[in-house]
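The chain contents come next:
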Amino acid sequence: MSREVVRTRSRVLVVGATGRLGGSIARASLAAGHPTFALVRPHHFARPDSPLLEPLVAAGATLLQVNARHP
Ligand SMILES: NC(=O)c1ccc[n+]([C@@H]2O[C@H](COP(=O)([O-])OP(=O)(O)OC[C@H]3O[C@@H](n4cnc5c(N)ncnc54)[C@H](OP(=O)(O)O)[C@@H]3O)[C@@H](O)[C@H]2O)c1
């Protein structure tokens, strides 16, 4: 019996994408072709060439500037 693989695209929101786990999840989500959004704290945007942000942007993530403690 053949098994049909259903590929769906989901919008994925990642909290902590500048961290170890969140970064891995964001990369995996983008590699799987999902539109991926990353919540990023404001201090990262003080350095647009941040080594934590640049790879996310280059991989196609949409960055959302949010401080979870002050939504
Ligand atoms: N790594 C592991 O093997 C592991 C295993 C089990 C459980 N965990 C748990 O999983 C979580 C993530 O681990 P991790 O290793 O990826 O940690 P991490 O590398 O320190 O990353 C933490 C992430 O959370 C963000 N963050 C912290 N406070 C925030 C706030 N107030 N608003 C918005 N974002 C905030 C950080 O943003 P900034 O870059 O702005 O600081 C960073 O992106 C932790 O709770 C950890 O205890 C980790």
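Scroll up to find the structure.
Residues numbered from 1 in each chain as written. Predicted model: local features only at pLDDT ≥ 70, side-chain atom pairs only at ≥ 80, totals over all residues. Heavy atoms only, no water.

1. Topic: the side chain of H34
Here's step 1: Note that H34 resides in the loop between α1 (20-31) and β2 (36-40).
Here's step 2: A polar contact is formed between the side chain of H34 and the backbone nitrogen of S10, at a distance of 3.1 Å. (Helix = DSSP H or I, 4+ residues; strand = E, 2+ residues; numbered from the N terminus. Polar contact = N/O pair within 3.5 Å; in protein donor to acceptor, adjacent residues only side chain to side chain.)

2. With respect to the layout of surface pockets
Here's step 1: Looking at the largest pocket, its volume works out to about 160 Å³.
Here's step 2: Together, V15, G16, A17, T18, L39, V40, R41, H44, V66 and A68 line the largest pocket.
Here's step 3: Residue composition of the lining of the largest pocket, by class: six nonpolar, three polar and one charged. (1 Å grid on protein atoms, 1.4 Å probe; cavity = no way out; pocket = protein on both sides within 12 Å on 5 of 7 lines; lining within 4 Å. Points joined across faces, edges and corners; volume = space filled by probe spheres on them. Nonpolar A, V, L, I, M, F, W, Y, C, P; charged D, E, K, R; others polar.)

3. Regarding the pairing of strand β1 (residues 12-15)
Here's step 1: Where β1 lies against β2, four bridges are found, and the strand directions are parallel. Its bridge partner being in β2, V12 is matched across the sheet by T36.
Here's step 2: Where the polypeptide runs from β1 across α1 and back to β2, its parallel neighbour, the crossover connection is right-handed. (Pairing = 2+ DSSP bridges. Right-handed = clockwise from strand over helix to strand, strands pointing away.)

4. Here's the deal with the site of the ligand
Here's step 1: By nearness alone, every residue bordering the ligand is listed as G16, T18, G19, R20, L21, R41, H43, H44, A68 and R69.
Here's step 2: H44 places a side-chain nitrogen or oxygen 2.8 Å from an oxygen atom of the ligand.
Here's step 3: Against a free-state accessible area of 910 Å², the protein chains account for coverage of 47% of the ligand.
Here's step 4: The residue inventory of the shell around the ligand, partitioned by class, reads two nonpolar, five polar and three charged. (Near = heavy atom within 4 Å. Areas by Shrake-Rupley, 256 points an atom, 1.4 Å probe, with all protein chains shown as cover.)

5. Considering the sheet that holds strand β3 (residues 62-65)
Here's step 1: Here three strands make up an open sheet; going across it, the order is β1-β2-β3 and the pairing parallel. One side of each edge strand has no neighbouring strand; the edge strands of this open sheet are β1 and β3. Pairs of neighbouring strands in the sheet enclose a mean axial angle of 25°, with direction left out of account.
Here's step 2: Relative to β1, α1 is tilted by about 165°, and along the sheet it contacts β1 and β2. (Axes fitted to C-alpha atoms, helices over the stretch in contact; angles between N-to-C directions. Contact = heavy atoms within 4.5 Å.)

By themselves, these observations are geometric and do not establish any function.
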